[in-house]
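Remarks on the overall topology
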Amino acid sequence: MSNSEIKAPSPESHRTQFVTQMRRVPGPVAIISSADGEDRTGMAATAWNSLCADPPLMLVCVNRNASVHPLIVRTRLFSLNLLQANEVETVAIFSAQKGLEGRDRFINGKWVDSPAGQPFLKGATASFECELLDSHVYETHEIFIGKVRHMGMAETFDPMLYFNGAFCRATPIEAPTS
């Protein structure tokens, strides 16, 4: 088939196809949060990634309408907490499914402050405290690039993934024997 036989999709069908295809890309689930004393909020996200190891940098993509966006811009700090598979309730809290906002999302006893006062989830697979170095606005989102200042991790881990519209676990694939 030549490229001339491929018809350009309508904007609506193009978006639908993109969203459908992205559901097939498994993503580790994290809480992106920021705090300035008692003023704190966060969101559940899969749009994040490590950017560099020398120096350690993280990249997070935040919708500019998300409650955490202005706090990251103001404080120039954020944390990223990679969730364990048993933290489905935490996703519901930080996805506004429980009707909680701001600091009410941070259930007492489940969170501690990092050295710079950013929220770290106790027992998270991994937590990163980041200082904002740069940002780039693209359409509805802003990409924040943060230098990792402090880290924490659980002794045992069972990371949560989001795949095909559902939460799941990462399990090792056994090497073939021959």
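Heads up: these notes are all about the structure in this document. (Residues numbered from 1 in each chain as written. Predicted model: local features only at pLDDT ≥ 70, side-chain atom pairs only at ≥ 80, totals over all residues. Heavy atoms only, no water.)

1. Considering the overall build of the chain
- Across its full length, the chain carries three helices and twelve strands.
- Projected onto the principal axes, the alpha-carbon positions of the chain cover approximately 60 × 50 × 40 Å.
- As displayed, the chain offers around 11,100 Å² of accessible surface, 54% of which is attributable to carbon and sulfur atoms.
- Mean positive and mean negative side-chain charge positions of the chain (16 and 19 charges, respectively) differ by 4 Å. (Helix = DSSP H or I, 4+ residues; strand = E, 2+ residues; numbered from the N terminus. Areas by Shrake-Rupley, 256 points an atom, 1.4 Å probe, with all protein chains shown as cover. Lys, Arg positive; Asp, Glu negative; His and termini not counted. Charge placed at Lys NZ, Arg CZ, Asp CG, Glu CD.)

2. What about the sheet that holds strand E12 (residues 166-169)?
- What the three strands build is an open sheet, ordered E1-E11-E12; its pairing is antiparallel. Unpaired on one side and paired on the other, strand E1 (27-28) and E12 mark the two borders of the sheet.
- Sheet analysis places E1 next to strand E11 (residues 160-163), joined by two bridges and oriented antiparallel. Counterpart to Gly27 in the pairing with E11 is Tyr162. (Pairing = 2+ DSSP bridges.)

3. Considerations on the environment of Asp158
- Considering the arrangement of structural elements, one finds Asp158 in the loop between strand E10 (141-153) and E11.
- The class of Asp158 is partly exposed, set by a relative accessible area of 24%.
- Sequence separation between Asp158 and Ala124 is 34 residues, and the spatial gap between their C-alpha atoms is 9.4 Å.
- Within the local environment of Asp158, its side chain forms a polar contact with the side chain of Arg169, the two groups lying 2.5 Å apart. (Buried < 20%, exposed > 50% of the residue type's maximum accessible area, 1.4 Å probe, protein only. Polar contact = N/O pair within 3.5 Å; in protein donor to acceptor, adjacent residues only side chain to side chain.)

4. Some points on the pairing of strand E5 (residues 56-63)
- Sheet topology places strand E4 (residues 48-53) next to E5; five bridges connect them, and they run antiparallel. Its bridge partner being in E5, Asn49 is matched across the sheet by Leu59.
- With antiparallel pairing between neighbouring strands as the criterion, E4 and E5 make up a hairpin whose turn holds two residues.
- Where E5 and E10 come together, seven bridges link them in antiparallel fashion. For Cys61, the partnering residue across the bridge sits in E10 and is Ile143.

5. A short note on the side chain of Arg105
- Note on placement: Arg105 falls in the loop between helix H3 (88-94) and strand E7 (111-113).
- Within the buried set, Arg105 has no salt-bridge partner at all; the shortest N-O distance to an opposite charge, 6.3 Å, is to Glu101.
- One polar contact links the side chain of Arg105 to the main-chain carbonyl oxygen of Ile93, over a distance of 3.4 Å.
- Beyond its immediate stretch of four places on either side in the chain, Arg105 contacts Thr41, Gly42, Ser67, Ile93, Phe94, Ala96, Leu100 and Trp111. (Salt bridge = Lys/Arg side-chain N within 4 Å of Asp/Glu carboxyl O. Contact = heavy atoms within 4.5 Å.)

6. Quick word on the state of the cysteines
- The final tally for this structure, using the stated rule, is zero disulfides.
- Here Cys130 stays unpaired: no disulfide links it, and the sulfur of Cys52, its closest cysteine neighbor, is 13 Å away. (Disulfide = S-S within 2.5 Å.)

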